Amino acid sequence: MFQARTEDITVEHKPVAFGDLRGWIAALKAQGELHEIDAEVDWNIELGTIMRLAQGPGTGKALLFNNIKDYNTAQSRCRRIFGSALNNYRRIAMMLGLPPDTHPRELVKLGRTILNGSIAPKVVPTGPVKQNVLKGADVDLYEFPAPHWNRLDGGRYLLTFGGCVTKDPETGVMNVGVYRGMLAGHDRIPILMWRAQHIGHHVTAWQQGGNAEMPVAVAIGWEPELGFCAGAPVPKGVCEYDVMGAIRGAPVELIKCETVDLYVPASAEIVIEGYLGLDPATYEMEGPYAEFTGYLAGDRSPKPAIRVTAITHRDDPILRGTIEGALPGSYSENAVCSSIMRAATAWNVLDRAGVPGITDVWCAPVHAGINLLIRMKQSYRNQAKQAANAIWGSSAAHVRYKHITVVDDDIDIHDYAAVDWAIAHRVNAGENDVIIMPSTFGMGIDPSMRKRDRNPTLFGTGKWNRVLIDATQNLDYDPDPDYGGARFPPTVWPQADDIAKAYARWSELGLGKPKGE
Ligand SMILES: Cc1cc2nc3c(=O)[nH]c(=O)nc-3n(C[C@H](O)[C@H](O)[C@H](O)COP(=O)(O)O)c2cc1C
C-alpha cells in the first residue's frame, strides 16, 4: 500500500497491474463499466459519432466495437476498436487502485505524487506483440480500421491514443507521448507535434546531430496507464515507462522493436515502428482534426511523417482509439484525464515556487486544463498574482492554463456556482483584479488566436494573452471596524445557532428532514 501525502490528507491506493489491454477490458466488464457493441458499425463517421454521443459528460461506459464494417471477416487483420475508457472518474480511480467513487479532489491529490513515482521497466526477450511481424511490402496501414472519426477531419486517424516512443540521442532516455497521426498512404503517418513538447526536443536534438530522420515506435493498446501517462505532463528527462511502473506497482515489461532501437510494452496490441522525417521535403499533408478544444484544428498543412518500417501485433488485435474534443455534455478521455493531471501539475508548480496557502486546485473537465482554478488561504496581498506568475513561468503552461481564477478558501472550486459567485462579488477590474499577460507562449491550436498565429512550423508555439481573475477578497483594502476588522462585509448566510434553531423546527414546519440528516 502506497501513501501519497499532500497537505493534510493522505490518499491511499493499492496499485493494480491489469496485465494488458485485455486485462483492463476484463476488469471494466466485471465492474459493469463496459459496453460491447456487436452490431456492425461503419469506421467512416458512424463509429466516431456513436462514441461522441455515448460518452456524455463523463457518464458513458467504455466501448468495445466488435463488428466494424469492411473489417469483419475471418481474414481481417484487425476487427475491434476499444475506446471511451478514461473519460470517467470511476474508471480513472480503478486504474489508480482507488475505490470507484473517490472524489476528483482526491484524484488530484494523488495525481500530485504519481508522476514522481518510479519503477524501472524490465526488458523481456519475447511477448505477444511479436505474434505477427510485418515488414517491407507487407506493411499496409489500411489493414487496420482507423476511423474517419468526424466528418470534417482531413482523413482517417490511426494514432489517437497510442504511446509514441522516441529517445534522446545523447542520454538514450525514452519519452512516450500521445500525438495524433493520420493515414497518408499504406506506410505513411504524418503527426502533429510541437517543438515545445518533449518529442519536439528530441526532434531538435536529432536534427542538430545531422540526422534526416528520427526513430519512433507507437505502442497502441495496453494497460490504461499507457495513454494516461503518455498524455500527461511527465517532466522532461523522466521516462513515462518508469511512471507507469510506479502507478501499477510493477515494472512495465518492454520488448525491443524490430527495426528501430526503441522499446515498447511486450503485451501491447499493435506497434508501429519507423522513422519520423525531419526534412520538410518529406512532410505529408495532415489535418484538420476535431481537436481537444472541441473545434476543428491543426489546419491542413505539410507535417512530419512516420515512414513505417514494421508493424507488429497480437493475434486478433484490438485497436485502441479515442475521440478527441470535449464539448458541454460530451467529455473526451483527454479532457477528463487532463482535469486531474493538469490540476495536479499546477499544484506542484505552485508548491515548488513556494506560493503558500494553496488548499485546492482544479481544472473542470470540459476544457482539458485551459482554465485553472486555485483556492487559497491568503496571508498577504496579491498572493494570487504570485500564483499566476509561477504557473505562467513554468513550462507546464505551454498548452494549458490560459485563464487562471483564484478564490479564497471559503469557495468550493468544484462548484461552478460558488466560483461564479466569487467572481461576481469579489472582482474589481479597476483594482487590478483582472490582469492580462500579453503575447506569451501558448497552445497553437486555440481557435481564439488569429489563424497566422496557429502555424506550428512558423512559430513553434501559439500566442496567448493570458488572464488572471483574482476573485479573492482584496487584502489591499483597509480592515473595516464595521465588519469586525474584515475587508469584506459578512455574507447573509445565517449564523450556526440560528441554523440549528431553524432545523430543529424543520419537520414541524412541513419541510421534511433537516439537511444533513
Ligand atoms: C488523446 C490525446 C491526443 C493528443 N494529441 C496531441 C497531438 O496531436 N499533438 C501534441 O503535440 N500533443 C497531443 N497531446 C498532448 C500530449 O500528449 C501531452 O502534452 C503530453 O504531455 C506530451 O508528452 P511530452 O510532453 O512527453 O511530449 C494529446 C494528448 C492526448 C491525451
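Use the structure listed above.
Colleague: Please explain the pairing of strand E16 (residues 270-277) as it appears in this structure.
Modeller: Successive residues of a regular strand alternate their side chains across the two faces of the sheet. For E16, a buried count of seven out of eight residues is recorded, marking the element as mostly surrounded by other parts of the structure. Strand direction decides the pairing type here: strand E13 (residues 213-220) and E16, joined by eight bridges, are antiparallel. Note that in E16 the partner of Pro-215 across the bridge is Tyr-275. Examined bridge by bridge, E16 and strand E21 (residues 305-313) share seven bridges and lie antiparallel to one another. By the bridge assignment, Leu-276 is partnered in E21 with Ile-306.

Colleague: Can you help me understand the environment of Gly-209 in this one?
Modeller: Turning to its location among the elements, Gly-209 is positioned in the loop between helix H5 (198-208) and E13. Overall, Gly-209 belongs to the exposed group, its relative accessible area being 55%. Considering only alpha carbons, one finds Gly-209 and Asn-150, 59 residues apart in sequence, at a separation of 39 Å.

Colleague: Would you mind going over the packing of helix H8 (residues 333-352) against helix H9 (residues 383-392) with me for this structure?
Modeller: In a packed pair of helices, the relevant descriptors are the angle between the two axes and the axis-to-axis distance. H9 packs onto H8 with a crossing angle of 110 degrees between their chain directions and a minimal axis gap of 9 Å. On the basis of the axis angle, H8 is roughly perpendicular to H9. The chirality of how H8 crosses H9 is right-handed. Across from Ala-346, Val-349 and Leu-350 in H8, the residues of H9 making contact are Ala-387, Ala-390 and Ile-391. Among the residues making up the contact of H8 with H9, the classes are represented as six nonpolar, no polar and no charged.

Colleague: Looking at this structure, how should I read the nonpolar core?
Modeller: Taken as a class, soluble globular proteins show a tendency for nonpolar side chains to be buried jointly. Trp-24, Phe-82 and Tyr-241 are the most contacted members of the largest nonpolar core, which has 96 residues in total. Among the elements that line this core, the one with the most residues is H8, at 10 residues. Not counting residues up to four positions away in its chain, the partners in contact with Trp-24 are Phe-18, Phe-82, Ala-85, Leu-86, Arg-91, Met-94, Met-95 and Pro-224. Counting 44 residues, the second largest nonpolar core, distinct from the first, contains Leu-63, Ile-81, Leu-141 and Met-214.

Colleague: Looking at this structure, how should I read the sheet that holds strand E3 (residues 34-37)?
Modeller: Hydrogen bonds along the backbone pair up the strands of a sheet, which may run parallel or antiparallel. The mixed open sheet is built from four strands, whose spatial order is E3-E4-E5-E22. The sheet is open, and its two edges are formed by E3 and strand E22 (318-320), each paired on a single side. Direction aside, neighbouring strands of the sheet carry axes that sit 20 degrees apart on average. Where E3 and strand E4 (residues 62-65) come together, four bridges link them in parallel fashion. Counted as the bridge partner of Ile-37 is Phe-65 from E4.

Colleague: What is the right way to look at empty space enclosed by the protein in this model?
Modeller: It is the rolling of a water-molecule-sized probe over the atoms that shows where space remains empty. Summed over the entire model, instances satisfying the criterion amount to two cavities of 30 Å³ or more. Quantified by volume, the largest cavity comes out at close to 80 Å³. Every residue lining the largest cavity is listed: Trp-24, Phe-82, Leu-86, Phe-161, Gly-221, Trp-222, Glu-223, Pro-224, Leu-226, Gly-227, Phe-228 and Arg-320. In terms of residues, the lining of the largest cavity owes the most to one element, helix H6 (residues 225-230), which gives three residues. Per-class residue counts for the lining of the largest cavity are eight nonpolar, two polar and two charged.

Colleague: Any chance you could explain the state of the cysteines here in plain terms?
Modeller: In protein chemistry, a disulfide is the covalent bond that joins the sulfur atoms of two cysteines. Inspection of the entire model under this criterion finds zero disulfides. Left without a disulfide partner, Cys-164 is nearest to the cysteine sulfur of Cys-257, which lies 11 Å away. Overall, Cys-164 belongs to the buried group, its relative accessible area being 4%. Cys-229 carries a free sulfur, and the closest cysteine sulfur to it, the one in Cys-337, is 9.7 Å from it. Take Cys-229: its relative accessible area is 0%, and that puts it in the buried class.

Colleague: Could you clarify how one ought to interpret the packing of aromatic side chains in this entry?
Modeller: The description of an aromatic ring pair uses the distance of the two centres, along with the angle that the planes make with each other. Throughout the structure, instances matching the rule amount to five aromatic pairs. A centroid spacing of 4.8 Å and a plane angle of 85 degrees characterise the contact between Tyr-503 and Trp-506, whose relative ring orientation is edge-to-face. One Lys or Arg, Arg-156, reaches over the ring of Trp-43 and ends 3.6 Å from the middle of that ring. Its end group placed over the ring of Phe-292, Arg-400 keeps NZ or CZ at 4.7 Å from the ring centre.

Colleague: Mind showing me how you'd approach the pattern of salt bridges here?
Modeller: It is possible for side chains of opposite charge to pair when their charged atoms get near one another. Taken as a whole, this structure holds 33 salt bridges when the rule is applied. Of the charged contacts in the structure, one is a salt bridge between Asp-409 and Arg-375, with a shortest N-O distance of 3.0 Å. Remark: Arg-375 occurs in strand E24 (residues 371-376) and Asp-409 occurs in the loop between strand E25 (403-408) and helix H10 (416-426); sequence separation between them is 34 residues. What makes Asp-409 partly exposed here is its relative accessible area of 24%. By relative accessible area, which is 17% here, Arg-375 ends up buried.

Colleague: Explain the side chain of Arg-248 here, please?
Modeller: Relative to the assigned elements, Arg-248 resides in helix H7 (residues 240-248). Within polar-contact distance, the side chain of Arg-248 engages the side chain of Glu-223 at 2.6 Å. At a separation of 3.2 Å, a polar atom in the side chain of Arg-248 contacts the main-chain carbonyl oxygen of Ala-250. Leaving out residues up to four positions away in the same chain, Arg-248 has contacts with Pro-15, Val-16, Ala-17, Gly-19, Trp-222, Glu-223 and Glu-225.

Colleague: Whenever I open this one, the site of the ligand confuses me. Can you help?
Modeller: Taken together, 22 residues surround the ligand, and among them Val-178, Tyr-179, Arg-180, Leu-192 and His-198 come closest. Between an oxygen atom of the ligand and a main-chain N or O atom of Val-178, the distance comes to 2.7 Å. Compared with its free state, where it exposes 620 Å², the ligand has 93% of that area covered by protein. Cavity membership is defined here by more than half of the atoms lying within 2 Å of grid points; on that basis the ligand lies in the largest pocket. Among the secondary structure elements, those contributing two or more residues to the shell around the ligand are strand E10 (174-177), H5 and H8. Looking at the shell around the ligand residue by residue, the classes come out as 10 nonpolar, eight polar and four charged.

Colleague: Sorry if this is basic, but what is going on with H8 here?
Modeller: Count 3.6 residues to each turn of an α-helix, and residues three or four apart come out pointing the same way. In this model, H8 (20 residues) spans 28 Å end to end at C-alpha, consistent with the 28 Å of a helix rising 1.5 Å per residue. Bending of H8 peaks at approximately 30 degrees at the position of Ser-339. The buried fraction of H8 is high, at 18 of 20 residues. Once H8 ends, the next one or two residues include Gly-354, with phi positive near 80 degrees.

Basis of the calculations
- Residues numbered from 1 in each chain as written.
- Predicted model: local features only at pLDDT ≥ 70, side-chain atom pairs only at ≥ 80, totals over all residues.
- Heavy atoms only, no water.
- Buried < 20%, exposed > 50% of the residue type's maximum accessible area, 1.4 Å probe, protein only.
- Helix = DSSP H or I, 4+ residues; strand = E, 2+ residues; numbered from the N terminus.
- Pairing = 2+ DSSP bridges.
- Axes fitted to C-alpha atoms, helices over the stretch in contact; angles between N-to-C directions.
- Parallel < 35°, antiparallel > 145°, perpendicular 65-115°, else oblique.
- Left-handed = near helix turned anticlockwise from the far one by under 90°.
- Contact = heavy atoms within 4.5 Å.
- Nonpolar A, V, L, I, M, F, W, Y, C, P; charged D, E, K, R; others polar.
- Core = buried A, V, L, I, M, F, W, Y, C linked by side-chain atoms within 4.5 Å.
- 1 Å grid on protein atoms, 1.4 Å probe; cavity = no way out; pocket = protein on both sides within 12 Å on 5 of 7 lines; lining within 4 Å.
- Points joined across faces, edges and corners; volume = space filled by probe spheres on them.
- Disulfide = S-S within 2.5 Å.
- Phe/Tyr/Trp six-rings, centres within 6.5 Å; stacked < 30°, edge-to-face > 60°.
- Lys NZ or Arg CZ within 6 Å of the ring centre and 35° of its normal.
- Salt bridge = Lys/Arg side-chain N within 4 Å of Asp/Glu carboxyl O.
- Polar contact = N/O pair within 3.5 Å; in protein donor to acceptor, adjacent residues only side chain to side chain.
- Near = heavy atom within 4 Å.
- Areas by Shrake-Rupley, 256 points an atom, 1.4 Å probe, with all protein chains shown as cover.
- Sits in = over half its atoms within 2 Å of the grid points.
- Expected span 1.5 Å × (residues − 1).
- Bend = angle between axes of the 7 residues up to and from the residue.

No statement about biological role is implied by the geometric values presented.
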